[in-house]
Each structure stands twice: as C-alpha cells, then as structure tokens.
Amino acid sequence: MMASKYSVLMSVYHREKPEYLKQAIESIQAQTLPTDDFILVCDGPLNDALDKVITKKQREMGITLNVVRLAKNGGLGNALNEGIKHCKNELVARMDSDDIAYPDRCEKQLAVFNEHPEVSICSGIVEEFTTDPNTVDAKRVPPETNAEIVEFAKKRNPFNHPCVMYKKSAVEAVGSYQDFYLLEDYYLWLRMLMAGYQGYNIQEPLLHMRAGSDMYLRRAGWKYAKTQAKLFKFMKQQGFIGKGQYIRSCVIRSGSALAPNWLRKFMFEKVLRK
C-alpha cells in the first residue's frame, strides 16, 4: 500500500523567535504534498508573541494543527516523546521551529518509503544559513546507503535530525527518545540501527537550517565532551565499535568540544561537515 499521509512533529519553547516559528510552519504549509496532521508541542509556557503566531495558524489550518501544551519545559527529547504519542500517521516528519523546509521535502521522503519499504528512517542534505536562506554557509551531507550509514554512525551522527522522517512504530519499538544531553537523536539512531532498522539519506537538499555561532557554543565545554564520551562508551559496550575506535573518537570529539569557539566553528564547517 502506497503511503501518502504523514504527520509533522515540531517542538517550540519560550525563547524561540515568533518570526522564525511562523516561517517554519509556513514552509510545511507550502509542501507539495501537504500533511493532514501537524503536532506542535509547546515545551512549557510560551509568551504572547509566540501564542499569537500559533492562534493565527490554528485559524488557518483548522484540525490539521494539533497543539499540545506541556505544563513545564522538559527539554527537546521529552517534548518529542510526548508529541509522537499524538501523531496519527505511521510516517512522522521532524521539523524544528526555526528552520525552513524545501517545498518538496516531504514528497521526496515519502517516495523513498514507498520505493524502499525496508527503510525506517530517512533524512537528506541540510543547508546551514545565518540570515538569508539563499546564502548557504555550510552543507551537512550524510551518507546515502544503509551500509554507509552504519559505518558513519561509528564516528558521527549519520542522520540530519532537523529533516528526518521515520516510522513511528520503529522509533517506539526501541524506546523513543531517551535522556542524553544534546545527543538524544544520535542515541536513538544508534539503537535503531543496532536493532536492525534500516536508513537512507537523500542526496539532495531538503532543508534550510538556521545555524550561527550559538550553535557551536552549545557543542562546547566539559559537559558536552563527557556526554560524547558516554555515547562512544555505549557503542563499545554494545560491540558496535572496538576499543581503538572508541579511543580515537573520544580524543577527536573532546578536542572539538574543548577548543575555542572560532576553531570549533572552523572544524565543523571545514572538517567535520565533509
């Protein structure tokens, strides 16, 4: 049976800029293959400006937009876990509240699931920008085939979370998102791949991703270095990587996390994105 329906899962919190949220939602409204189920999780109380955007979109989209309000902010993983419960379709497209999807993003991803029923998770190329979506600062090009994805996952995150589409049943089968500081998505993909679920990455741009220097600041410090070491330790314990790869990854990633922000930005754009 050909899949033509999908849910969209987005989370927003009080620090988001209203104009970014508006742009993100409108990029989904403009999809060549529209969704019939848009789950917007409000991660804790918002503010008047954000609520105005949401109210306006509720009037425009009617029952398609399902707003789920959480009493307090619990972080992205928690918000997505709550949101996925409300998704009524098997295929779920993730979308961040400050990014801009290409108009044919979801149509292209649905085509992959229809042509390759063995695939459970699919992302594609993300183009990072600072102010103008048409001015690309850097591209995140993930590996294409499942075999390449598994190898890549031993060193780095093999999917671009801001534009993934996945099967709800597969995500829930491995325990959905679990608490793992800034790496909830990577941890989820690893558990899916280890369980035998297959992935595919479209080798075309699917999303304009808002980046900027603050994105690199979040990936800094001892806390981030420690969470990465913890993830690679999990891989080693599960037999996904050997001791040599574990040591190499810990050294490289710790060096990046503890480097000055300008150097880390350079490493991300010129080295780690390649």
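Our subject is the structure listed above.
Report follows, based on the coordinates. (Residues numbered from 1 in each chain as written. Predicted model: local features only at pLDDT ≥ 70, side-chain atom pairs only at ≥ 80, totals over all residues. Heavy atoms only, no water.)

**Concerning the nonpolar core**
The condition that has to hold: The set of buried Ala, Val, Leu, Ile, Met, Phe, Trp, Tyr and Cys residues whose side-chain atoms join them within 4.5 Å is what this entry labels a nonpolar core. Accessible area is worked out with a 1.4 Å probe on protein chains only. A residue is then buried under 20% of its type maximum, exposed over 50%, and partly exposed in between. Helix and strand assignments come from DSSP, with helices taken as H or I runs of at least 4 residues and strands as E runs of at least 2, each series counted from the N terminus. It only takes one pair of heavy atoms within 4.5 Å for two residues to be counted as in contact.
Ranked by size, the top nonpolar core spans 39 residues in total, and within it Leu9, Tyr166, Trp189, Leu190, Met192, Leu231 and Met235 carry the most contacts. Broken down by secondary-structure element, the contributors of at least two residues to this core are β2 (37–42), α3 (76–86), α5 (146–153), α6 (168–173), α7 (184–194), α9 (221–237) and α10 (243–258). If you tally residues by element for this core, the top one is α7, at seven residues. If sequence neighbours within four positions are ignored, Trp189 has contacts with Ile121, Asn157, Pro158, Phe159, His161, Val164, Tyr166 and Tyr177. Residues Val8, Leu40, Leu50 and Leu65 belong to the second largest nonpolar core, which totals 35 residues.

**A few points about α10**
Cut-off, in case you're wondering: For a helix, the expected span equals 1.5 Å multiplied by the residue count minus one. Directions from the helix axis toward the C-beta atoms define the arc.
Under the 1.5 Å per step criterion, the end-to-end length of α10 is 22 Å for 16 residues, consistent within 8% with the ideal 22 Å. When α10 is considered as a whole, its buried residues turn out to be Gln245, Ser249, Cys250, Arg253, Ser256 and Ala257. On an axial view of α10, the arc spanned by its buried residues comes to 140°, and they lie on one face. Facing away from the buried surface of α10 by more than 90 degrees, the exposed residues are Lys243 and Val251.

**Points about the packing of aromatic side chains**
Applied cut-off: Note on ring pairs: Phe, Tyr and Trp rings are taken, using the six-membered ring of Trp, and paired if centres are within 6.5 Å. Classes follow the plane angle, with under 30 degrees stacked, over 60 edge-to-face and the rest tilted. Geometrically, a charge over a ring is one whose NZ (Lys) or CZ (Arg) sits within 6 Å of the ring centre while staying within 35 degrees of the ring normal.
The full count for this structure, using the stated rule, is four aromatic pairs. With a centroid separation of 6.2 Å and an interplanar angle of 55°, the aromatic rings of Tyr166 and Trp189 are classed as tilted. Placement of Tyr166 in strand β8 (residues 165–167) and of Trp189 in helix α7 is noted, with a sequence separation of 23 residues between them. For the pair Tyr166 and Trp189, one class covers both residues: buried. Each ring, one from Tyr187 and one from Phe234, has its centre 5.0 Å from the other, and the planes form 80°; the classification is edge-to-face. Highlighted residues: Tyr187 in helix α7 and Phe234 in helix α9, separated in sequence by 47 residues. The buried category is assigned to Tyr187, whose relative accessible area is 13%. The ring of Tyr181 has Lys223 sitting right over it, with the charged end atom 4.3 Å from the ring centre. The ring of Phe180 has Lys230 sitting right over it, with the charged end atom 4.8 Å from the ring centre.

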